[in-house]
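# Fold and geometry: a report
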2 protein chains.
Amino acid sequence: MPPHSRTAARPMRADARRNYDRILAAAAEAVAEHGAEASLEEIARRAGVGSATLHRHFPSRQLLLEAVFRDKVEALCATAAGLAAEPDPGQALANWLGAVARHVVTNRGLAASLMRGAHDGDPSLGATCHTMITDAGADLLARACRANAVRRDVSITDLLKLVNAICLAVEHEPDGAAQADRLLTLALTGVHPKAGSSWATG
Amino acid sequence: MPPHSRTAARPMRADARRNYDRILAAAAEAVAEHGAEASLEEIARRAGVGSATLHRHFPSRQLLLEAVFRDKVEALCATAAGLAAEPDPGQALANWLGAVARHVVTNRGLAASLMRGAHDGDPSLGATCHTMITDAGADLLARACRANAVRRDVSITDLLKLVNAICLAVEHEPDGAAQADRLLTLALTGVHPKAGSSWATG
DNA sequence: GCTTAAATGGGGTGGCCCTCCGGTTCTGTG
DNA sequence: CACAGAACCGGAGGGCCACCCCATTTAAGC
């Protein structure tokens, strides 16, 4: 869904489109500063828009977050597509999960948004980013599975849940990015000493 | 700190103690229903107490949560002490982490509370449960480490962060307990197929 | 330019957290 | 028992928030 049309039938009015864009920009700023719980009223204020207008364009917080993060998530999906040609499927999956973690850690609110999208699976309520990323990862996992690099009983939902959980856990720490990478590698390789060291997430 | 004394010097007045207990009971109910974000005003209402009284007894939400969960955390620490005599140190650690996960999943708000306690390490602001559990686990980890069952570069903070993160991620799902157990086992053993299957978290 | 449907935003409602302060209740001392 | 002082209480109020209603404004198509 391109951001500047409502349905295929009727295009948005010019002023509505302008306000939509302003709200989105203001929301990106505010979320970067205050995370997923940023005040909607402040976003409206920054956008120079009444609060009712914000609620009309984005009936729920989740929908607004989805719109804010859509392009980042698309970039992640593109990364997945690029990694699909890697020679080592297991490494490709690990790399991608690491990339996801890096995106999630550096974009405050993304983790909360993706996880919120996860449990209410209704796309009309704003789970599209979650499904996009799930679909993108599913291929990488399938390839890794065929190459016998990953257990059969692991689903892409499991792995992404792990990534999100880790990122959420370290979100408020100063060295979040480093910790997330460490914990993700740990989770992928396990705690046992002789576990393979070939699972770096770079 | 026993709940019915303020300092060693002066005991609490009878009415204050009564209100303290009522608030705690009401908070336990409310948190069980609505999680760590339960409304403080509703807790005061249920306890039949003015909101000011609640804030006087528990100056911050975190302190209230700590009080609510203190006995559960103590039980967990006792479990750790009991497991310290297990023949297989690695298994003992895994079992305990599983027990932690089970407690955290079945007590809404505990995960958020422990994690909040984690990043502001100031005990006066309510990080005591976090440090209690960390200390209890440290021994189990040290033993497992000496038995060469766990990598040297893994800290108990890492492991508990993992457990908490997983529980937080599955908190809003219907089969949370089962998922948490699955994901924890996955994180401990790693995703590779030939990883040891001896790391069940039962 | 004019009509009309779409879009707007100020203001209201109800909720939340937290603090102040006048009134109340307990406690131990005379 | 009576009482004074300290400890404690809780309603009221301020600041902030999400969300909705509806009179008013504005863009789009003729």
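See the structure printed just above.
Notes on the structure in this doc start here. Bear in mind that the values here come from a model prediction, so they are computed numbers and not experimental data.

Before going further, it helps to spend a moment on the overall build of chain A. Within chain A, the regular secondary structure consists of nine helices and zero strands. When the elements of chain A are put in sequence order from the N terminus, they spell out α-α-α-α-α-α-α-α-α. Across the 202 residues of chain A, 50% fall into the buried class. Considering only contacts in chain A between residues 6 or more positions apart, those separated by 24 or more positions represent 63%. Of the roughly 9,300 Å² that chain A leaves accessible, carbon and sulfur atoms contribute 54%.

Quick look at the relation of the copies chain A and chain B now. Rotating chain A by 179° about the axis while translating it 0.1 Å along that axis superimposes it on chain B, leaving an RMSD of 0.1 Å. Expressed as a symmetry operation, the mapping of one chain copy onto the other fits a two-fold axis. Comparing contact sets, 100% of the residues at the interface of chain A also lie at the interface in chain B, consistent with an isologous, same-surface contact.

Another point: the environment of B:Gly126. All names here are of chain B. Along the chain, Gly-126 falls in the loop between α6 (110-119) and α7 (128-146). Under the relative-accessibility criterion, Gly-126 is labelled buried at 0%. The sequence separation of Gly-126 and Val-170 amounts to 44 residues, and the corresponding C-alpha distance is 25 Å.

A few words now on the interface of chain A and chain B. With 32 residues of chain A at the interface, the matching set in chain B holds 32 residues. In total, chain A and chain B occlude about 3,000 Å² of area from one another, counting both sides; carbon and sulfur atoms represent 62% of this. Summed over the three residues of chain A that lose the most area to chain B, namely A:Arg151, A:Lys161 and A:Val191, the buried surface amounts to 23% of that side. Taken together, the connections running from chain A to chain B amount to four salt bridges. A:Arg182 is the salt-bridge partner of B:Asp158, the closest N and O atoms lying 2.5 Å from each other. The interface formed by chain A and chain B contains 12 residue pairs in polar contact (both at pLDDT 80 or more). Contributing elements (two or more residues each) for the side of chain A that touches chain B: α6 (110-119), α8 (156-170) and α9 (176-189) of chain A. Top element by residues in the side of chain A that touches chain B is α8(A). It accounts for nine residues.

Our focus in this paragraph is the side chain of B:Glu66. Residues and elements named next belong to chain B. Relative to the helices and strands, Glu-66 is located in helix α4 (residues 61-83). Comment: no salt bridge for buried Glu-66; closest opposite-charge side chain is Arg-70, at 4.4 Å. When near neighbours in sequence (up to four residues on either side) are disregarded, Glu-66 contacts Ser-113, Gly-126, Ala-127, Thr-128 and Cys-129.

Moving on, we come to empty space enclosed by the protein. Applying the stated rule across the entire model yields three cavities of 30 Å³ or more. Space inside the largest cavity adds up to approximately 80 Å³. If you trace the largest cavity, you find it lined by A:Leu114, A:Met115, A:Ala118, A:His119, A:His130, A:Thr134, A:Thr157, A:Leu160, A:Lys161, A:Asn164, B:Ala169 and B:Glu173. Elements with a contribution of two residues or more to the lining of the largest cavity: α6, α7 (128-146) and α8 of chain A. A breakdown of the residues in the lining of the largest cavity according to their chemical character gives five nonpolar, five polar and two charged. Here the second largest cavity defines a volume of roughly 50 Å³. Every element with two or more residues in the lining of the second largest cavity is listed here: α6 and α8 (156-170) of chain B. Looking at the lining of the second largest cavity, the element that brings in the most residues is α8(B), giving four residues.

Right, let's talk about the packing of aromatic side chains for a bit. Residue and element names in this part refer to chain A. A complete count under the given rule lists two aromatic pairs over all chains for this structure. Look at Tyr-20 and Phe-58: their rings are 5.1 Å apart centre to centre, the planes differ by 35°, and that puts the pair in the tilted class. Residue Tyr-20 is found in helix α1 (residues 14-34), and its partner Phe-58 is found in the loop between α3 (51-57) and α4 (61-83); the two are separated by 38 residues along the sequence. Residue Tyr-20 is classed as buried on the basis of its relative accessible area, which comes to 13%.

Okay, the packing of helix α5 (residues 89-106) of chain A against α8(A) next. A pair of packed helices is characterised by two quantities: the angle between their axes and the separation of those axes. Residue and element names in this part refer to chain A. Taken N-terminus to C-terminus, the directions of α5 and α8 make an angle of 35°; their axes are 9 Å apart at the nearest point. Here α5 runs over α8; the crossing is right-handed. In contact with Leu-93, Trp-96, Leu-97, Val-100, Ala-101, Val-104 and Val-105 of α5, α8 contributes Ile-156, Leu-159, Leu-160, Val-163, Asn-164 and Cys-167. Here the residues of the contact of α5 with α8 are counted per class, giving 12 nonpolar, one polar and no charged.

With that settled, consider α8(B). With 15 residues, α8(B) extends 21 Å between its outermost C-alpha atoms, agreeing within 8% with the 21 Å of an ideal straight helix rising 1.5 Å per residue. Buried residues dominate α8(B), accounting for 14 of its 15 residues.

Core analysis: the largest hydrophobic core is formed by 139 residues, its most contacted members being A:Trp96 and B:Trp96. In this structure, B:Trp96 is in contact with B:Leu76, B:Thr79, B:Ala80, B:Leu83, B:Ile133, B:Ala136, B:Gly137, B:Leu140, B:Ile156 and B:Leu160, ignoring residues within four places of it in sequence.

Applying the stated rule across the entire model yields 15 salt bridges over all chains. Here A:Asp21 and A:Arg17 are joined by a salt bridge, their closest N and O atoms 3.9 Å apart. Of the two residues, A:Asp21 and A:Arg17 both sit in helix α1, four residues apart, roughly one turn of that helix. Using a relative accessible area of 27% as the deciding quantity, one classes A:Asp21 as partly exposed. Between A:Glu173 and B:Lys161 there is a salt bridge whose closest N-O contact spans 3.6 Å. With one member in each of two chains, A:Glu173 in the loop between α8 and α9 and B:Lys161 in helix α8 form a pair that bridges those chains. Pair check on accessibility: A:Glu173 and B:Lys161 agree, each one buried. Each of A:Glu29, A:Glu33, A:Glu42 and A:Arg46 takes part in salt bridges that share partners, so that together they form one network.

What counts and what doesn't
Residues numbered from 1 in each chain as written. Chains lettered and ligands numbered in written order. Predicted model: local features only at pLDDT ≥ 70, side-chain atom pairs only at ≥ 80, totals over all residues. Heavy atoms only, no water. Helix = DSSP H or I, 4+ residues; strand = E, 2+ residues; numbered from the N terminus. Buried < 20%, exposed > 50% of the residue type's maximum accessible area, 1.4 Å probe, protein only. Contact = heavy atoms within 4.5 Å. Areas by Shrake-Rupley, 256 points an atom, 1.4 Å probe, with all protein chains shown as cover. Least-squares fit on C-alpha atoms with pLDDT ≥ 70 in both. Buried area = accessible area lost by both parts, 1.4 Å probe. Salt bridge = Lys/Arg side-chain N within 4 Å of Asp/Glu carboxyl O. Polar contact = N/O pair within 3.5 Å; in protein donor to acceptor, adjacent residues only side chain to side chain. Lys, Arg positive; Asp, Glu negative; His and termini not counted. 1 Å grid on protein atoms, 1.4 Å probe; cavity = no way out; pocket = protein on both sides within 12 Å on 5 of 7 lines; lining within 4 Å. Points joined across faces, edges and corners; volume = space filled by probe spheres on them. Nonpolar A, V, L, I, M, F, W, Y, C, P; charged D, E, K, R; others polar. Phe/Tyr/Trp six-rings, centres within 6.5 Å; stacked < 30°, edge-to-face > 60°. Axes fitted to C-alpha atoms, helices over the stretch in contact; angles between N-to-C directions. Left-handed = near helix turned anticlockwise from the far one by under 90°. Expected span 1.5 Å × (residues − 1). Core = buried A, V, L, I, M, F, W, Y, C linked by side-chain atoms within 4.5 Å.

Everything listed here is a matter of coordinates, which is why it stays silent on function.
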